[in-house]
Amino acid sequence: MIGKIYGTGSSLPKRIVSNDDLAKIVDTNDTWIRERTGVARRRIIKEETTVSMATEAAQKALEQSGIAAEEVDLILVSTISSEVILPCTACEVQKNIKAVNAAAFDINAACAGFLFGYNTAQAYIAAGMAKTVLVIGSESLSNLVNWKDRSTCILFGDGAGAAVLKAEKGKLLPSVSHSDGKKGEALTCLSRHRKGSPARTRDLQAYMQMDGQSVFKFAVKKVPKAVKEVLEEAGLKADDIDYFILHQANRRIVEAVAKRLKTDIEKFPMNLEEYGNTSSASIPILLDEMNRKGKFVKRQKIILAGFGAGLSWGAALLEW
Ligand code: COA
């Protein structure tokens, strides 16, 4: 069995924060941010929460799919920015959408989270352990960003995206998931709840810290490699793929991946200009935008690729 996407949804905070807005709080400017990252503005939560955005994205995905919430038997939420540790965001979504027959749990794989969630959903479906799965990425990264650190605060944004997968007859398509914990220090965020941690006093260590150049090099090396692994297993060439939906971290990373795969950049849709890096939400938000614009045609081949803290990365082939 294979999980087919029956519907997608997304939810974005109403508040828009431009690069010029950020230039009022840190020493930066619109030109620097656009040239280095491609980001022009991002959405930042006000009343919204990780749970409320995940719920809205899930509801929209279900509505589009025509699948009732009671039919869902598994809810996976990828997030690193839940407001509470317990209960998990997935259980809160289950309660809100009344998916009374679903098991629910969260996945922490940062910006590779939606991809890992998607692969987990496919594995459950292939094993016959689930028939209808909601995979959601939801992030309130603005709660984890140090708004005094210009090297990180300009990169991130908030939002959520979801896809509902339903089991159909068919062979599981190739996918890969990788992690390298030895390189974990390249992108960290200590818990504010850790006993004895200075982070408890909300000092800088409670926020995301990143070695930007290491992360950049990691992404442009590992993502094309993961995509090639998937292509090889599927017996396909990059030219056979209609769209590459990459985690939206940085325009230069997406362009470098396209170049390494010797593929037209037109096949790499981007929306990071509008939303910045929304971690595990970026792939499903982009999927939903493309889907609602009618860009996908039945049987088109799409590769999803995620990468980020852990370090973790992966790719998956799907047929629309
Ligand atoms: N505005 C203006 N100047 C800034 C700045 C900002 N927001 N942030 C950093 N700078 C300055 C630095 O202080 C440095 O100044 P110096 O030359 O006087 O020391 C200069 O710009 C260059 O900084 P550097 O960190 O070398 O820039 P960079 O070209 O590596 O770009 C990133 C920084 C973060 C944009 C880039 O490394 C990157 O995109 N990395 C990947 C990050 C990522 O995507 N992470 C998430 C993955 S899931």
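To be clear, the structure that these remarks concern was listed above.
Note that the coordinates shown come from a computational prediction; the quantities given were computed from them, not determined experimentally.

What follows deals with helix α3 (residues 50-65). Here α3 contains 16 residues, and its C-alpha end-to-end distance of 23 Å stays within 8% of the 22 Å for a straight helix at 1.5 Å per residue. Along α3, the residues classified as buried are Thr50, Val51, Met53, Ala54, Thr55, Ala57, Ala58, Ala61, Leu62 and Ser65. Taken together, the buried residues of α3 touch β1 (2-11), α4 (89-97), β6 (132-140) and β7 (158-168). Where α3 terminates, the next one or two residues include Gly66, which has phi positive at roughly 75 degrees.

What follows concerns the environment of Pro13. Mapped onto the secondary structure, Pro13 falls in the loop between β1 and β2 (16-18). Remark: the alpha-carbon pair of Pro13 and Met53, spanning 40 residues in sequence, is separated by 7.9 Å. Not counting residues within four places of it along the chain, the set of residues in contact with Pro13 comprises Arg43, Ile44, Ile45, Glu48, Met53, Asp158 and Gly159.

Moving on: the pattern of salt bridges. What the rule picks out here adds up to 13 salt bridges. Ionic pairing is found between Glu273 and Arg34, a salt bridge with its closest N-O pair at 3.6 Å. Linking Glu273 in helix α9 (residues 272-275) with Arg34 in helix α2 (residues 30-37), this pair joins segments that are 239 residues apart in sequence. Judged by relative accessible area, which is 36%, Arg34 ranks as partly exposed. In this structure, Arg251 and Glu255 form a salt bridge, with 3.8 Å as the shortest nitrogen-oxygen distance.

Definitions and limits used
- Residues numbered from 1 in each chain as written.
- Predicted model: local features only at pLDDT ≥ 70, side-chain atom pairs only at ≥ 80, totals over all residues.
- Heavy atoms only, no water.
- Helix = DSSP H or I, 4+ residues; strand = E, 2+ residues; numbered from the N terminus.
- Expected span 1.5 Å × (residues − 1).
- Buried < 20%, exposed > 50% of the residue type's maximum accessible area, 1.4 Å probe, protein only.
- Contact = heavy atoms within 4.5 Å.
- Salt bridge = Lys/Arg side-chain N within 4 Å of Asp/Glu carboxyl O.

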